[in-house]
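Listed below, chain by chain, are the residues.
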Amino acid sequence: MASESIAQGGQKVGFVGVGNMGWPMAACLVKAGFTVAINDSRREVANNFVQQTGGFAPDTLRALAAGSDVIVTMLPTSVIVERVLMEGDDNLFAGMKPGTIIIEMSSGVPSVTQRLAEKVAGLGGTLIDAPVSGGVPRARTGQLAIMVGGDAAAIARAMPVLSAMGTSVLPTGAVGSGQAMKALNNLVSTGGFLIGIEALLIGQRFGLDPAVMTDVLNAATGMNNSTQKKFKQFVLSRRFDAGFTMGLLAKDLSIALQVGRETGTAAPLSALVKEFIVSAETKFGPNADHTEMARLCEMLAGSELGEA
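Residues numbered from 1 in each chain as written. Predicted model: local features only at pLDDT ≥ 70, side-chain atom pairs only at ≥ 80, totals over all residues. Heavy atoms only, no water.

> Got a minute to help me understand the environment of Leu 116 in this structure?
Within the secondary structure layout, Leu 116 lies in helix α6 (residues 110-122). Judged by its relative accessible area of 2%, Leu 116 is buried. Residues Leu 116 and Phe 34, spaced 82 residues apart in sequence, show a C-alpha to C-alpha distance of 26 Å. Filtering out sequence-adjacent residues up to four positions away, Leu 116 remains in contact with Val 81, Glu 82, Leu 85, Met 86 and Leu 127. (Helix = DSSP H or I, 4+ residues; strand = E, 2+ residues; numbered from the N terminus. Buried < 20%, exposed > 50% of the residue type's maximum accessible area, 1.4 Å probe, protein only. Contact = heavy atoms within 4.5 Å.)

Right, dumping it as C-alpha cells:
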C-alpha cells in the first residue's frame, strides 16, 4: 500500500534544512499539494516558512520522521546530515518508519552517503542521493536539474517529489553517484568561469568591451553557463550576489578531488582550479558569493573588468 500511495503522489514529506536553496525547494512541494513538515536548526526560520508558505513545523526530528513517507535533507555538509540522521537525543532514525525513503539532496561526500545508506537500509528504509544544480532562481521556479543515485524502484517511488522541484531528473547509477556527478559538474562549471574571466581581462587590455565579448562568446563556441548566466548578471554588474557561497563551492571541489584520489585519477588541472578557489575563499571569506572569485582574477591581472 505504501508504494501505491507514493506512486499516486499522496505522500507526506518531511523537509530538513530551509536555507537559501531549501526554502524555495520546500515551497515548490507545498505548491504541488504535498503535506510538508519543516525542520531547520534555526527554529525561527522553520516557523517563518510555515507562516509565509504553508506546511507545519513539528517540535522534533523524531516527530517529523514519524509522520513522513519521504524525508528530504538539504544541508550544508555530510557531517551535518549524519548528525541529523542518527546523533544526539533527537534524530530522524528515532522516528523513521520502515519503508521510508530518504532523499539526501545535499552536496555531500559520496563515500559517507553510501555508508549512511547502509544504516538506513538496516532500519528498513531506503536512502537515495539527489543533489541539484541550477541555483536559487531555478529552485524558486521548480526547474532544477536533479542528479539521482540509488535503487531504481526507490527513485521511481520518489519521482513525484523530485519532479515537483526539478524539470530534469537524471538517474546517475548507484547511491552516491549523484553527489559525485554534482561535484564534478561544479568542477567543470568553475573551470569555465575562471578561464572565461581571464579571457575577458585579456580582451579588455587589448581594447575589447567585456560585455561585447560576453555576447560573442554566447554566440560562439566559448559559450558556457557562466558566460550565459553569471558574467553580465553578477560580475560586470559588480553585484556578486548569485546566491551560492565561496565556502560551499570550495567544499564541492574538494569532494570532486577526493573522488579523483579515491579512483586513482590524475587531475592536475582540477587541482589548480580547486587551489584557486581555496585562495579566493581565504581572501574574501567562506560567506562571500562564489562569483567574487572573479575579483581574485582581477587582482592578479592588475585591472578591473569594466574599467576604461
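Following the structure, the description resumes.
> Can you walk me through the packing of helix α14 (residues 268-284) against helix α15 (residues 293-301) in this structure?
A pair of packed helices can be characterised by two numbers: the angle between their axes and the separation between those axes. One can describe the packing of α14 onto α15 by two numbers: an axis separation of 9 Å at closest approach and a directional angle of 95°. Accordingly, the angle class assigned to the pair α14 and α15 is roughly perpendicular. Across from Phe 276, Ile 277, Ser 279, Ala 280, Lys 283 and Phe 284 in α14, the residues of α15 making contact are Met 293, Arg 295, Leu 296, Cys 297, Met 299 and Leu 300. Split by residue class, the contact of α14 with α15 holds 9 nonpolar, 1 polar and 2 charged. (Axes fitted to C-alpha atoms, helices over the stretch in contact; angles between N-to-C directions. Parallel < 35°, antiparallel > 145°, perpendicular 65-115°, else oblique. Nonpolar A, V, L, I, M, F, W, Y, C, P; charged D, E, K, R; others polar.)

> Sorry if this is basic, but what is going on with the pattern of salt bridges here?
Side chains that differ in charge, positive against negative, can pair when their charged atoms come close. Across all of its chains, the model carries 11 salt bridges by this definition. Residue Arg 239 is joined to Asp 241 by a salt bridge in which the shortest nitrogen-to-oxygen separation is 3.1 Å. Residue Asp 241 is classed as partly exposed on the basis of its relative accessible area, which comes to 40%. A salt bridge links Glu 292 to Arg 295; the shortest N-O distance between them is 2.4 Å. When salt bridges that share partners are traced, they join Arg 238, Glu 298 and Glu 304 into one network. (Salt bridge = Lys/Arg side-chain N within 4 Å of Asp/Glu carboxyl O.)

> Where do I start with the packing of aromatic side chains in this structure?
Between two aromatic rings, the relevant description is the distance of the centres plus the angle of the planes. Within the structure shown, the criterion is met by 2 aromatic pairs. With a centroid separation of 5.1 Å and an interplanar angle of 75°, the aromatic rings of Trp 23 and Phe 49 are classed as edge-to-face. In this pair, Trp 23 is assigned in helix α2 (residues 22-31) and Phe 49 in helix α3 (residues 43-52), connecting sequence segments 26 residues apart. A residue is classified by how much of its surface remains accessible, and Phe 49, at 0% relative accessible area, is buried. Ring centres of Phe 193 and Phe 231 lie 5.5 Å apart, and the angle between their planes is 80°; this geometry places the pair in the edge-to-face category. Of this pair, Phe 193 sits in helix α9 (residues 177-206) while Phe 231 sits in helix α12 (residues 231-236); the two residues are 38 residues apart in sequence, bridging distant segments of the chain. Exposure remark for Phe 193: the relative accessible area of 0% places this residue in the buried category. (Phe/Tyr/Trp six-rings, centres within 6.5 Å; stacked < 30°, edge-to-face > 60°.)

> Even after reading the chapter, I still don't get the nonpolar core, so can you show me in this structure?
Burial of nonpolar side chains together is a common tendency in soluble globular proteins. With 48 residues, the main nonpolar core has Leu 92 and Ile 197 as its most contacted residues. Those elements giving two or more residues to this core turn out to be α4 (61-66), α5 (78-86), α6, α9, α12, α13 (246-262), α14 and α15. With 7 residues, the top contributor of residues to this core is α9. Not counting residues up to four positions away in its chain, the partners in contact with Ile 197 are Phe 231, Val 235, Ala 294, Cys 297 and Leu 305. (Core = buried A, V, L, I, M, F, W, Y, C linked by side-chain atoms within 4.5 Å.)

> Looking at this model, I keep getting lost on the side chain of Thr 291. Mind explaining?
Structurally, Thr 291 is set in the loop between α14 and α15. Side-chain polar atoms of Thr 291 contact the side chain of Asp 289, separated by 2.5 Å. Apart from residues lying up to four places away in sequence, Thr 291 is in contact with Phe 193, Lys 230, Phe 234, Val 235, Phe 240, Asp 241 and Ala 242. (Polar contact = N/O pair within 3.5 Å; in protein donor to acceptor, adjacent residues only side chain to side chain.)

> Explain the environment of Cys 28 to me, please; I cannot follow it from the model alone.
Relative to the elements of secondary structure, Cys 28 occurs in helix α2. Sequence spacing of Cys 28 and Leu 184 is 156 residues, and the spatial spacing of their C-alpha atoms is 26 Å.

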